[in-house]
Every structure is written in structure tokens, then in C-alpha cells.
Amino acid sequence: MKVHETQTQVPILQRQIHGKKLVYLDNAATTQKPESVITAISDYYRTHNANVHRGVHTLSDESTERYEQARQKIAAFFGARADQLISTRNSTEAMNLLVQMWEKFLRPGDVIVVTMQEHHSTLVPWQMVSQRTGCEFIVLPMDDQSTWPINAFAELLQEKKDRLRVVATAAVSNVTGVVAPLEKIDAQLRKWGVRKNVLVAVDAAQSAAHMPSRLDRWPVDALTFSGHKMYGPMGIGGLVVSERLAQEIAPVLYGGGMIAEVRTQETSFHEDFAERFTAGTPDVASLVGLQAAIEFLEEIGWSELQAHEHDLVQYAYEQLQQVPQVRLIGPEPGAEFASRVGSVTWTYEGVHAHDVAQILDRSGVAVRSGHHCTMPLHTEQDWVATTRASFAVYNTREDIDQLIAALEQVQTIFGV
Ligand SMILES: Cc1ncc(COP(=O)(O)O)c(C=O)c1O
């Protein structure tokens, strides 16, 4: 499928908002859904719905088959096998689950590291477990160019490297579009000789729809994702773990489906990894919907998708630079796709971000304003709130032109 064909595949893009063509630039919050995803979900409920595994009837078999196919497809997309995938509701739940499973390995004085630009869904669970276990929680400050603070990591952790147990970070920041240098982090850990003591956990929520986000290519132990940010339905996401980690972790959710044998005073758990980590009825329809979303992405292909999205990021950055009141945040997109991924964020001099977003909405342009669940970053940088335009494969340069034209309204209304 060609990039320009995707626009007609997504029904909601036909909507008008306040009498104007909808320009949806809030894709980092959630992407819109292709017809194929919507159909896959309704087809599942219309034709195959039954609980998985526990039945011997035909529908249960069909449902189980679809469930397992979907899990295989999703795991493969993230460079893993189905028995390395724990399905969750979203990336937040996946990170929380990982934290809970890792807690038993943490001791007072151990060190957990994140960066200032982490989404709260990474920062808060690790901060909380640090408090519970007496670990030292280090939040690396961003460097001057707002890129991932690899130098601060090397300098600040030099003395503490032997106590380092966790590095948790987003593969792509939802505010600055910065890509984490996973290879460099890994190289530093190896240089210190501590790699095997450290859990490297990557939040792939903002990378999964924009670049290959794969456990078999990234030097990391676990990744988390949200299906709804990659053209799939809300309510489905996952935690993908390395083979090493799969051996080490134990379930923290108990109940039906994940057991082998239950007695009044003791329980043994399912041999199979996926079963052991799936307590209760899984969201089969959403897994099937996410499979369709992955097929949508595969039909486009990474090279065409990335060329298009990088053009959008560069074009938006250039156009916004021309608006005198706009102060852009994060690195300038260079020639490389990985120089800035997925979004462009700014402050508007003299006007609060919520006012900017509201005025843009009157012109049919949907953007996000606020702290984007990165309060520590906003506080560190002294931004009250920022406005973000984030892109998907179905966006066009014309969408950005409509955004820029709508920004002129801000000037007119506020007289700044
Ligand atoms: C970088 C990043 N991580 C995690 C999340 C959390 O995603 P969810 O709310 O789907 O769990 C988001 C959501 O915006 C995000 O941008």
C-alpha cells in the first residue's frame, strides 16, 4: 500500500470538525484506526466469539486459533516468539507489571536509572518501587541539545556502576522525539562489566508505529507497547521479554487459566509461559484487531513509512520556525530519520498551550497541549505547558499547512 492510499483507509479522517476538514495531529496520544482493524474486531465478535482454551466446541476452537495467531503475529512484530509476550491493557500496565515482577530482585542501595524526559508511565512505577525497596532512584538531567543524556549516564553512574540494577527509558520521547541510544547504553554497561546485573527496560510506546522496535535487534531485556498508538484498538498492549528474563520472572497476577493444579493450600502454575502470565480471560478481539493493525503497517513497509514521516517532521519543524511566537523544543530534525521521530512540540510566547490547542480545534486541527505526562521535564525546562503536533502515516503536508494557517488565528485572537 502506498502512503497516500492510507488516508482513505481510515474512516474517521472523513469527519468535519467545526465545519472544517479534520486534521488529526494527536497521534502520539492515540492513532486513528484503519477500516481493516475495525472490521477484524467486529468480525471476531460477529462470527467467532467464545472463550479461549477452556471449551471443546467449535467456536472456542476458532477463537483459540485466532488468539494464538494474533499473539504470534504481534510477538514476531516485536522480534520475539509468542512465549515471550505477556499481553496487557497498555504500555503503562506492562511497565508496572515488569516493575512488580522485578521487585523481588531489588535490595536497599541498588540503583535504578531513568531520564528526565520519561513518560510518567515509566518514571512513576520505578520511583515507587525505589521507595518501597530503598533503592537509589536517579533521574538523569537532559543535556543542552535535549538529546538522550549518554554523557551524564557515563559520568554519574561511574562510581555507582556496581550497584546499578535497572535502566528504564523510552525508545522515543513523546515530547522531544529523541531516540534513545540503546547501543551506546549497552556498550557502556559492557565496558563497566555490569551488563548481566542490569535490567534494561525500554518503553516502545512511541517507537512501535514509527520504526522497527524489536527485541532481537535491540540490546535490551524487555520492551513495553500500547496497541492503540500503532493503529490498533485501545485496551491492548504488551510486555515482551528476552529469553533470559522469561526464565527469571514469575507471575504476579493469579487466577484462572494460568494454573496447572490447585489445592486448598497450594497451587502450581502452567508450564507454558504465555498461559502462566495470562490470568483470566484475555482480550481476544483486541489482539485480533492489533494483528490487523500490524498487517496495515506491514503493507506500507518501514522504508516508505519512515521517508514520509520524516518529511512531515522536517516540514512541520521548518514551517513552525517561521512563526515568530513559536519556540520549538527538542532537537532539530536532521537528514537522518532517527534525529527526531514522530512529533514536533513548541511553546507559544504569551499564550498558554491549552488556548493554542483550543483555537486550533476551531479550525479542525487536533493537537495536544499540557505536560504530556512528563512533568519533571516540563519543570526542569521551565515550560508551563507545551503544544505538540504528532504524526501518523496518513498525515500530509497539507495537514501541516492547515496547522500553520490555524496558528495565525492565535495571533489574531490574542494580538501577540
Ligand atoms: C513514551 C510513552 N510511554 C508510555 C505511554 C503510555 O501509554 P498508555 O497510556 O497507552 O499506557 C505514552 C503515552 O502517551 C508515551 O508517550
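Residue positions within a chain follow its written sequence, with the count starting from 1. Reporting in this predicted model follows two pLDDT cut-offs: at least 70 for local features of residues, and 80 or more for side-chain atom pairs to be given and counted; totals over whole chains, interfaces and linings ignore these cut-offs and use all residues.

### Considerations on the pairing of strand E8 (residues 199-203)
Which entries qualify depends on this criterion: Whether a residue is buried, exposed or partly exposed is read from the other C-beta atoms within 10 Å of its own C-beta, which are placed from the backbone; 20 or more gives buried, 12 or fewer gives exposed, and intermediate counts give partly exposed. In DSSP terms, a helix is any run of H or I states spanning at least four residues, a strand is any run of E spanning at least two, and both are numbered starting from the N terminus. Think of it this way: DSSP has to see at least two bridges between two strands before they count as a pair. Place the viewer so that the strands point away; then a crossover is right-handed whenever the path from the first strand over the helix to the second strand goes clockwise.
Extensive coverage of E8 is indicated by the burial of 5 of its 5 residues. Here E8 shows two buried faces, one formed by Leu-199, Ala-201 and Asp-203 and the other by Val-200 and Val-202. When strand E7 (residues 164-170) meets E8, the two strands line up parallel, connected through 5 bridges. Its bridge partner being in E8, Ala-170 is matched across the sheet by Asp-203. For the handedness criterion, the β-α-β arrangement of E7, helix H6 (residues 182-191) and E8 is classed as right-handed. For E8 and strand E9 (residues 222-226), the ladder comprises 3 bridges, and the chain directions are parallel.

### A few points about the sheet that holds E9
Strand pairing in a sheet relies on backbone hydrogen bonds, with the paired strands running either antiparallel or parallel. Note the threshold: To get an axis, a line is fitted to the C-alpha atoms, and for a helix only the part in contact is used. The angle between two axes follows their N-to-C directions and goes from 0 to 180 degrees. For the purpose of contact definition, each residue receives a C-beta atom placed from its backbone, and two residues are in contact when these atoms lie within 7 Å.
Pairing within the open sheet is mixed, and its 7 strands lie in the order E4-E10-E9-E8-E7-E5-E6. What marks the edges here is a single partner per strand, and that holds for strand E4 (85-88) and strand E6 (136-140). Across the sheet, the mean angle from the axis of one strand to that of its neighbour is 15°, orientation sign disregarded. Judged from the 5 bridges that link them, strand E5 (residues 111-115) and E6 form a sheet pairing that is parallel. Bridge pairing links Val-111 to Glu-136 in E6. Lying on the sheet, helix H4 (residues 120-133) is in contact with E5, E6, E7 and E8; it crosses E5 at an angle near 160°.

### Some details on the sheet that holds strand E14 (residues 343-348)
The strand order E13-E14-E17-E16 describes an open sheet built from 4 strands, whose pairing is antiparallel. The open sheet has two edge strands with one neighbour each: strand E13 (326-329) and strand E16 (368-370). Mean inter-strand twist for the sheet, computed between neighbouring axes without regard to direction, equals 30°. Where E13 meets E14, 4 bridges bridge the pair, whose relative direction is antiparallel. Bridging across to E14, Ile-329 finds its partner in Thr-345. Where helix H10 (residues 302-321) meets the sheet, its contacts fall on E13, E14 and strand E17 (386-390), and the angle it forms with E14 comes to roughly 15°.

### Some thoughts on the domain arrangement of the protein chain
Here is the rule: Those domain boundaries reflect an automatic or database domain assignment.
The domains assigned to the protein chain are domain 1 (3-27 + 302-414) and domain 2 (41-297). Spacing between the C-alpha centres of domain 1 and domain 2 amounts to 28 Å. Taken together, the contact pairs 22 residues of domain 1 with 24 residues of domain 2. Where the side of domain 1 that touches domain 2 is concerned, the elements lending two or more residues are H10, E14, helix H12 (375-381) and E17. It is H10 that provides the largest number of residues to the side of domain 1 that touches domain 2, a total of 4 residues.

### Some remarks on the pairing of E5
Of all 5 residues that make up E5, 5 are buried, and the element is covered over most of its length. The alternating pattern of E5 places Val-111, Val-113 and Thr-115 and Ile-112 and Val-114 on opposite faces, both of which are buried. In this region the chain leaves E5, passes through H4 and returns to the parallel neighbour E6; the handedness of that crossover is right-handed. Judged from the 3 bridges that link them, E5 and E7 form a sheet pairing that is parallel. Within E7, the position partnered with Val-111 by the bridge is Leu-164.

### Comments concerning the nonpolar core
Note the following rule: What we call a nonpolar core is a set of buried Ala, Val, Leu, Ile, Met, Phe, Trp, Tyr and Cys residues whose membership is set by joining through C-beta atoms within 7 Å.
One finds Leu-98 and Val-240 to be the most contacted residues of the largest nonpolar core, which totals 120 residues. At 10 residues, the largest contribution of residues to this core is made by helix H9 (residues 284-300). Mapping this core onto the domain boundaries places at least three of its residues in each of domain 1 (3-27 + 302-414) and domain 2 (41-297). Excluding anything up to four places from it in sequence, Leu-98 contacts Ala-201, Ala-222 and Leu-239.

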